[in-house]
Amino acid sequence: MDLFIISNIKKVIMGLFDKISPPQVEAEVSGFKIEDSFTAEECKFLLLKLRSATYTGYEFETFYNIWVKVSKELEKLDK
């Protein structure tokens, strides 16, 4: 019985630690580090590709929303 209570208390404490300081995740693909945010060059690349694509009907609203978000991110990075 005591072991069960200790085990549950440990789970609760570890869960709180995870919420306080989430683990740092570094992904690596083919030897390249992948960051969580875009660089200015990546934003420009995305905008260029978005501009050159063809959109129909309902896709245009999604395109516009993505365009605005990437443009705002690029503005932040260029400051």
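It should be noted that the structure appears before, not after, this text.
Per chain, residues are indexed from 1 in the order of the written sequence. Only residues with pLDDT of at least 70 get local features here, since the model is predicted, and only at 80 or more are side-chain atom pairs given and counted; chain-wide, interface and lining totals rely on the full set of residues. Side-chain numbers come from the whole structure's heavy atoms, not from hydrogens or water.

Enquirer: For the overall build of the protein chain, give the residues involved together with the corresponding values.
Expert: Regarding its fold elements, the protein chain presents three helices and two strands. Helix and strand definitions here come from DSSP, where helices need a minimum of 4 consecutive H or I residues and strands a minimum of 2 consecutive E residues; each element is numbered from the N-terminal end. Tracing the protein chain from N to C terminus, the helices and strands come up as α-β-β-α-α. Burial statistics for the protein chain: of 79 residues in total, 10% are counted as buried. Carbon and sulfur atoms make up 62% of the accessible area of the protein chain, which amounts to about 7,400 Å² in all. Exposure is judged per residue with a 1.4 Å probe applied to protein chains only, and the accessible area is read against the type maximum: over 50% gives exposed, under 20% gives buried, and values in between give partly exposed. Here the accessible surface of atoms and residues is derived via Shrake-Rupley with a 1.4 Å probe, and residues count as covered only by protein chains that are part of the display.

Enquirer: Mind laying out a negative patch on the surface, listing which residues take part and the relevant values?
Expert: On the surface, a cluster of negative charge is made up of Glu-35, Asp-36, Glu-41, Glu-42, Glu-75 and Asp-78. Secondary structure elements with two or more residues in the negative patch: α2 (40–52) and α3 (59–78). Mapped onto the secondary structure, Glu-41 falls in helix α2. The residues that make up patches have over 30% relative accessible area and no salt bridge, and they are joined within 9 Å when like-charged or within 5 Å when they are Val, Leu, Ile, Met, Phe, Trp or Tyr. Definition used for salt bridges: Asp or Glu carboxyl oxygen within 4 Å of a side-chain nitrogen of Lys or Arg. Positive: Lys, Arg. Negative: Asp, Glu. His and the chain ends are not part of the count. A charge is said to be at NZ when it belongs to Lys, at CZ for Arg, at CG for Asp and at CD for Glu.

Enquirer: Outline the packing of aromatic side chains, supporting the account with residue identities and numerical values.
Expert: Planes of paired rings set the category: under 30 degrees apart is stacked, over 60 is edge-to-face and the rest tilted, where pairs are Phe, Tyr or Trp rings (Trp by its six-membered ring) whose centres lie within 6.5 Å. Applying the stated criterion across every chain yields a total of three aromatic pairs. Where Phe-60 meets Phe-63, the ring centres are 5.4 Å apart and the plane angle is 45 degrees; that geometry is what we call tilted. Placement of the pair is Phe-60 and Phe-63 together in helix α3, with a separation of three residues, close to one helical turn. When its relative accessible area of 47% is taken as the criterion, Phe-60 is described as partly exposed. Joined through ring pairs, the aromatic side chains of Tyr-55, Phe-60, Phe-63 and Trp-67 make up one cluster.

Enquirer: Run through the nonpolar core, naming residues and quoting values.
Expert: Core analysis: the largest hydrophobic core is formed by five residues, namely Ala-40, Cys-43, Leu-47, Val-70 and Leu-74. Elements with a contribution of two residues or more to this core: α2 and α3. The greatest single-element share of this core, amounting to three residues, is contributed by α2. By nonpolar core is meant a set of buried Ala, Val, Leu, Ile, Met, Phe, Trp, Tyr and Cys residues that side-chain atoms within 4.5 Å join together.

Enquirer: I'd like a description of the packing of α2 against α3, backed by residues and values.
Expert: Structural elements are reduced to axes, namely lines fitted to C-alpha atoms, with helices fitted over the stretch in contact, and the angle between N-to-C directions of any two is expressed from 0 to 180 degrees. One way to put it is that α2 packs onto α3 with a least axis distance of 9 Å and a crossing angle of 155 degrees. What the angle tells us is that α2 and α3 run roughly antiparallel. Crossing of α2 over α3 shows left-handed handedness. Along the contact surface, α2 presents Ala-40, Cys-43, Lys-44, Leu-46, Leu-47, Leu-50 and Arg-51, while α3 presents Phe-63, Ile-66, Trp-67, Val-70, Ser-71, Glu-73, Leu-74, Leu-77 and Asp-78. Polar here means any residue outside two lists: the nonpolar Ala, Val, Leu, Ile, Met, Phe, Trp, Tyr, Cys and Pro, and the charged Asp, Glu, Lys and Arg; Gly therefore counts as polar. Looking at the contact of α2 with α3 residue by residue, the class counts come to 11 nonpolar, one polar and four charged. Under this scheme an angle from 65 to 115 degrees is roughly perpendicular, one under 35 degrees roughly parallel, and one over 145 degrees roughly antiparallel; angles in between are oblique. By convention, the crossing between two helices is left-handed when the near helix turns anticlockwise from the far helix through less than a right angle, and right-handed when the turn is clockwise. Any two residues having at least one pair of non-hydrogen atoms within 4.5 Å are treated as being in contact.

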